[in-house]
Structure formats: C-alpha cells, structure tokens
Amino acid sequence: MRARVRAWIEFLGDQFWLRPALVVLACIGLAQVAVWLETAQIAGHDPSSPNADWGWTGGAEGARALLSAVASSTIGVAGTTFSITIAALTLASNQMGPRLLRNFVRDARNQLVLGVFLGTFAYALMVLRTVRTVEEETFVPHLAISGAVLLALVCIGTLVWFVHHVATSINVETVVDAVHRDLCAAVEARTRDGADVQPPTEAPRGAPVAPADGGYLQAVDTDGLADWAHERRVVLALRVRPGDFVPRGFPVAFLSAGVEDAAEAVGRALTFGCRPAALQDLEYSVRQLVEIAVRALSPGINDPMTAGSVLDHLGDALCRIAPRHLPTGAVAREGHVVLVHPVTDYDGLCDAMFHMIRQNAAGSVHVLARMLDVLTRAAEVERLTSRLSELGRHADLVLAAARRDVADPRDLADLEERHTRFVRVRAGAAQAVG
C-alpha cells in the first residue's frame, strides 16, 4: 500500500495543472478574506485618519479601472508564459529527447509561475465583483485593491525571473546536472550500507500468478508481498521489476505452492502505469542521461562534448556506488527467504550506462577516451573484484571499438595508452582488495 501511495504522489507531481490550481484557489480565498476584513471594518481604509493610509485610497471608478487592468494584463502574460513553456518543451524534446519532458513538466517553478499569473487574475476578478459605485451603495475594498497592486508587482518580478529560468533550464549542462542529481538520489535510496540477504540458488517454479492489470511496472510493495508470503508459508518469486513492461495476463510470479488469493495479493502489491516511473527504478535516470548522450552523438547534432559530460556524471554515480551494496532481491522473514524479485545488479547498471554510448560513438576519439578515463576513475575507488572485472570488460570493449573504428594511428595509440593505464589501476585495486 505504501508503494502505491508513493506512486500516486509521483503521478501527482507529473500533473502540470495541480500547483497552478492550488495557487488559484489560494488567491480566491485571499480575495474573500481581504473583502471580508473590509466589510467587517477590521482592516482597510479609515476615512477619519487619511494620513495613516498606506494602501489604495481612490474611489470606485478608479478601483474598477485598476482591477480591470490587472486582470487583463495578467491573463495575457499567463498566455505568454504558457507559450514560452511550450517552446522550451519543444526545444528540449528535439535536442535532448522526449523522455526529458518529464523533468520540465515536473519543475515546480514553471508550475508556480503559471499559478502566480492565473491566481492574480482570479484575485482581481473576485475583488472587482465587490466594487460598487454611488448608484449601488458605494463600497470600495481598499485593502483588497492594495493586495491586487502588490500581486501585480509580484507578477512583474516573476516574469523577469521566469525568462531567466527558462533560458538557463534548457541549457544542456543544466539538464544533465538535474538528471544527475536524480540519479544520485536514486543511488542513495536504492543501495544498502551493508550486504543484503542472499537469494536461494534456485527460485521456485511452481504455480504461476498473473495479475489482472498490465502496463509499465512502476512500483512493487516488497514488504507487503513478503508479509503475505510469510503468513501463507510459501516462497514467491517475481519475474519483473520496476521499469519492465508487463502484458496483460502475463505470469509475473511463481509460487512454491498454490494459494487461492495469490493473484489478488500480487495485483495489490504491483502498481502499473502507462509509462515508466523513477520511483523504484535505479536505471531510469541512467537511461535519461544515455539518451542525451546518444542524441548528442547523432549526425544531426554531432556534439561529443555533451556525451563526454554525460560520461563524467555517470562515472560519478559509479564512484558513489563503490562503497555501497546493491540489493540482491531477496526478502527474508524470521531467517527464511520468502520473496525473490529481480533487481538491478552492477553488471546491468554498467551495461545501461556504457553500451549505447559506445555503440553510437564509433570513431569519436574524444568520447572513447573519456569513457576509458571514467572507467579508470571508477576502478580506482572500487574494492570488489567482481565489479572490477565488469569495469575491465567494458574497457576491453572500448579498446576493441577503437581498433575497429579509429583510423588515425596516433589517436589509436593514445586510446591504447589509456587502456594500459586502466589495467594498471585495476591491478592495483585488485591487489589492495587481496
């Protein structure tokens, strides 16, 4: 249930309308309160002491003109900010990939800017309807009108800041850094300080379980599944992990023994959606970074510097993983493993980071050299022999690609020297482990 709630919160964060709607409702409430304070004579204009007034002191006609100007201008600027946002999203989609749109849509600052303009428009309308002239028994909510002037000034500052924010947010280095922060947060959340429970040598292959739903698996309630399996004295082996696409009716798990409510229990623990989510998928941010690098290496863009920057950030993630342990996918209750589920291991993580970039960097000496440097740094801080072997496998693949695609003998000699440096560093790290 907790995983489903977190997935729902993640879904709400993807909704561009949510924060603007909350800001609009808050501004409507603020307008009502300001008018009520004036009506109840708790605050507002005091005719007996005009020198003490610091806000709006004009009449009804001036108030209507002012509120109409604020309302019309803010709704026009709101349309402009929306157009700027769409243009930024289009540019990001074309240059860095459509899957990066999620980061721009989830940006709370873009949502709040739209909310400020729409909220000011709603505030001005709510106050405008209460202004009455002499023919209608004069009433001018001076405090509320002063609030409209203040919100208009806030809109001016917000517009200037928004233009700056959009100009910086579509910079590729800014996008790479933002996705890298998401990756670092995922590494911190999805890795362990100590070694995890080891899974059994053979997973159960008994009764298959197929949930009623299908789609991209976004979250798994492993604790709930483990408790359910422990209560029924069975071992449950999941076959899918967050990020996988599950066809409807596909058996996602096997039980060591048949249980009547297995399909319902597994269905409650799995959260599906129409697209992958970053909630429990360690490779989600990795795929985003790799997509940026692959698009940068395409013939239409041809930007190896961006691909090199992506490799640097991926190398930082590997260095952060070095002192930590990846989960094994086994969950135990009272000393017995009751749940086995697939997880991202170190080999799969390195494959996701380097395979596509290496395959698309054919002949790019800069990218291949940067990849060898990244692997060398990761090997220098790594202390597990199995991980060092995996890093060595990727370094050998880089050298093989260089020998196949690099024509300049001097460039090839430089890459071979970098590979030799990696071998020395890996040997030193392995000796330190031994």
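No experiment lies behind these values; they were computed from the predicted model shown.

## Considering the pattern of salt bridges
Here comes step 1: On inspection of all chains with the given rule, the structure shows 22 salt bridges.
Here comes step 2: Asp261 serves as the salt-bridge partner of Arg232, at 3.0 Å between the closest nitrogen and oxygen. Remark: Asp261 occurs in the loop between β5 (253-255) and α9 (262-269) and Arg232 occurs in the loop between α8 (222-231) and β3 (236-238); sequence separation between them is 29 residues.
Here comes step 3: Taking relative accessible area as the criterion, Arg232 reaches 32% and is therefore assigned partly exposed.
Here comes step 4: Close ionic contact of Asp414 with Arg418 constitutes a salt bridge, the shortest N to O distance being 2.9 Å. Separated by four residues within a single helix, Asp414 and Arg418 lie in helix α15 (residues 409-433), roughly one turn from each other.
Here comes step 5: Here the residues in one salt-bridge network are Arg241, Asp281, Glu283 and Arg287, joined through shared partners.

## Digging into the nonpolar core
Here comes step 1: Among the nonpolar cores identified, the biggest contains 55 residues, and Leu314, Phe354, Ile357 and Leu391 are the most heavily contacted of them.
Here comes step 2: Listing elements by their share of this core, those giving two or more residues are α3 (60-96), α7 (172-190), α10 (284-296), α11 (304-321), α12 (346-360), α13 (365-381), α14 (385-405) and α15.
Here comes step 3: At nine residues, α13 tops the list of elements feeding residues into this core.
Here comes step 4: Apart from residues lying up to four places away in sequence, Leu391 is in contact with Leu318, Tyr346, Cys350, Leu375, Ala378, Ala379 and Phe422.
Here comes step 5: In terms of nonpolar packing, the next biggest core, distinct from the first, is built from 24 residues, Val234, Val266, Ala269 and Val338 among them.

## Comments concerning the UniProt feature "transmembrane region" (unreviewed entry) in the chain
Here comes step 1: Residues annotated by UniProt as "transmembrane region" (unreviewed entry) correspond here to residues 21-43, 63-91, 112-131 and 143-163.
Here comes step 2: Strand forms 0% of residues 63-91 and helix 100%; the C-alpha atoms that close the span are 42 Å apart.
Here comes step 3: In residues 143-163, helix accounts for 100% and strand for 0%; the two terminal C-alpha atoms are 31 Å from one another.

## Structural notes on the sheet that holds strand β6 (residues 270-273)
Either a parallel or an antiparallel arrangement is found when strands of a sheet pair, and the pairing is made through backbone hydrogen bonds.
Here comes step 1: On the basis of which strands lie adjacent, the open sheet formed by three strands has the order β4-β2-β6 and antiparallel pairing. For this open sheet the edge positions go to β4 (245-246) and β6, each flanked by a neighbour on one side alone.
Here comes step 2: Bridge count between strand β2 (residues 215-220) and β6: four bridges; the pairing is antiparallel. Across the sheet, residue Leu217 finds its bridge partner in β6, namely Phe272.
Here comes step 3: Sitting on the sheet, α9 is in contact with β2 and β6, with an inclination near 60 degrees to β6.

Each value, and the rule that gives it
- Residues numbered from 1 in each chain as written.
- Predicted model: local features only at pLDDT ≥ 70, side-chain atom pairs only at ≥ 80, totals over all residues.
- Heavy atoms only, no water.
- Salt bridge = Lys/Arg side-chain N within 4 Å of Asp/Glu carboxyl O.
- Helix = DSSP H or I, 4+ residues; strand = E, 2+ residues; numbered from the N terminus.
- Buried < 20%, exposed > 50% of the residue type's maximum accessible area, 1.4 Å probe, protein only.
- Core = buried A, V, L, I, M, F, W, Y, C linked by side-chain atoms within 4.5 Å.
- Contact = heavy atoms within 4.5 Å.
- UniProt positions renumbered as here; feature names shortened; annotations may be inferred.
- Pairing = 2+ DSSP bridges.
- Axes fitted to C-alpha atoms, helices over the stretch in contact; angles between N-to-C directions.

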